[in-house]
Amino acid sequence: MLFRSTGAFIPVEAGYHTDFTTDKYPRSYALGFTYDTSPYDDPLYNTQHQIYATAGGTPLEKRGRSTIYLQAQQMIWKPDANGTRGLIAFGAANFLTSGDGTAKDGFVGGLFDWGPFSSRPSDYAGVVVQSFLWNHKVTRSMNASLQSQGYNSKWPDSETMLEALYGFNLAPGVSLSPYFEYIWNPDQLAAAAPRPHITHAIQAGLTFTFELNPGLNIADLHRIRK
């Protein structure tokens, strides 16, 4: 695996967005393109064009990857037409257009509720579903790794995750968020010996967040568009 990084990452994005000063139901839409010139390891082959997972050797070095992405979010419901609390729908899609990334395509969508209860207007709740479609080279590499261990199973060509969370606002800039995540076909890409019978996984946790500006009563810097 290459740990050095030499090259350029070039992002280009165009979009449209509103806020509560111009729209009772703010929205944001964007279309973007990225190009990365840095070197990376081929997901399947070594320098002799053999399958690295079984033949070993040195991974084949490649350079240059590009993606196109779409993203959108829209407030769709508010308990008070003139307030800022409400339900937001969001989604995004990412497509590999050249080179060899681990994921060929990725999709995400969900709902985010800011201020779900009138008595706790600074709390938040959310649910999100995310899915990755693996590069066919990654799938072939994982299949080769399974076969070398004596398994006849085929590696799934996708992974899907469902996560739900609730954020308790404890003080300005301070929040505590328990979360629960369920995963279909966990990838095990970092495992030295992946096991095909692991088809589901569960993860739960608690995150603590402290934001400097509201926590220390420091003014935020905002870009002003005229």
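None of these values were measured; they are calculated from a predicted model. (Residues numbered from 1 in each chain as written. Predicted model: local features only at pLDDT ≥ 70, side-chain atom pairs only at ≥ 80, totals over all residues. Heavy atoms only, no water.)

K.L.:
Just to check I follow, could you spell out the overall build of the protein chain for this structure?
P.N.:
Within the protein chain one finds three helices and nine strands. Seen in sequence order, the protein chain has helices and strands lined up from the N terminus as β-β-α-β-β-β-β-α-β-β-β-α. On C-alpha atoms alone, the protein chain measures out to a radius of gyration of 22 Å, which is more than a quarter above the 17 Å that the 2.2 N^0.38 rule sets for 226 residues. If one aligns the C-alpha atoms of the protein chain with their principal axes, the spans along those axes are about 65 × 40 × 30 Å. (Helix = DSSP H or I, 4+ residues; strand = E, 2+ residues; numbered from the N terminus. Rg over C-alpha atoms; globule rule 2.2 N^0.38 Å.)

K.L.:
Explain the layout of surface pockets here, please?
P.N.:
A probe as big as a water molecule, rolled over the atoms, marks out the empty space that is left. Taken as a whole, the second largest pocket spans an internal volume of roughly 210 Å³. In terms of lining, the second largest pocket is formed by H17, T18, F20, P26, R27, S28, Q73, Q74, M75, T84, I88 and W114. Among the elements of the structure, β2 (27-46) and β3 (59-77) are those that each provide at least two residues to the lining of the second largest pocket. It is β3 that provides the largest number of residues to the lining of the second largest pocket, a total of three residues. Taken together, the residues of the lining of the second largest pocket sort by class into five nonpolar, six polar and one charged. (1 Å grid on protein atoms, 1.4 Å probe; cavity = no way out; pocket = protein on both sides within 12 Å on 5 of 7 lines; lining within 4 Å. Points joined across faces, edges and corners; volume = space filled by probe spheres on them. Nonpolar A, V, L, I, M, F, W, Y, C, P; charged D, E, K, R; others polar.)

K.L.:
Quick question: what am I supposed to make of the pairing of strand β1 (residues 9-17) here?
P.N.:
Two faces, one strand: in a regular strand the side chains alternate between the faces of the sheet. Little of β1 is tucked away: zero of the nine residues are buried. As defined by bridge partners, β1 adjoins β2 across nine bridges and the pair is classed as antiparallel. Pairing of A14 across the sheet is with L31, part of β2. (Buried < 20%, exposed > 50% of the residue type's maximum accessible area, 1.4 Å probe, protein only. Pairing = 2+ DSSP bridges.)

K.L.:
What's the story with the side chain of S38 in this structure? I'm lost.
P.N.:
In this structure, S38 sits in strand β2. Looking at S38, its side chain comes within polar contact range of the side chain of D36, at 2.7 Å. (Polar contact = N/O pair within 3.5 Å; in protein donor to acceptor, adjacent residues only side chain to side chain.)

K.L.:
Got a minute to help me understand the pairing of strand β8 (residues 174-184) in this structure?
P.N.:
Pairing of strand β7 (residues 158-171) with β8 involves nine bridges; the strand directions are antiparallel. Note on β8: the bridge partner recorded for F168 is L176. Between the end of β7 and the start of β8, which pair antiparallel, lie two residues, with G173 showing a positive phi angle near 80 degrees. Pairing of β8 with strand β9 (residues 200-210), which is carried by eleven bridges, proceeds in the antiparallel orientation. In the strand pairing of β9, Y179 is matched with G205.

K.L.:
Before we go on, may I ask you to explain the pattern of salt bridges in this structure?
P.N.:
Two side chains bearing opposite charge may form a pair once their charged atoms approach each other closely. Taken as a whole, this structure holds seven salt bridges when the rule is applied. For D105, the salt bridge goes to K104, with nearest N and O atoms at 2.8 Å. Looking at K104, the relative accessible area reads 36%, which means it is partly exposed. Linked through salt bridges whose partners overlap, the residues forming this network are D42, K62, D100 and K137. (Salt bridge = Lys/Arg side-chain N within 4 Å of Asp/Glu carboxyl O.)

K.L.:
In this structure, what is going on with unusual backbone geometry? I would like to understand it.
P.N.:
Across the chain, the bulk of peptide bonds are trans and the bulk of non-glycine residues have phi less than zero. Positive phi is not limited to glycine here, since H49 has a value of about 60 degrees. Given a relative accessible area of 55%, H49 falls into the exposed group. The backbone of N185 sits at a positive phi, close to 55 degrees, despite the residue not being glycine. Topologically, N185 is positioned in the loop between β8 and β9. The class for N185 is partly exposed, based on a relative accessible area of 26%.

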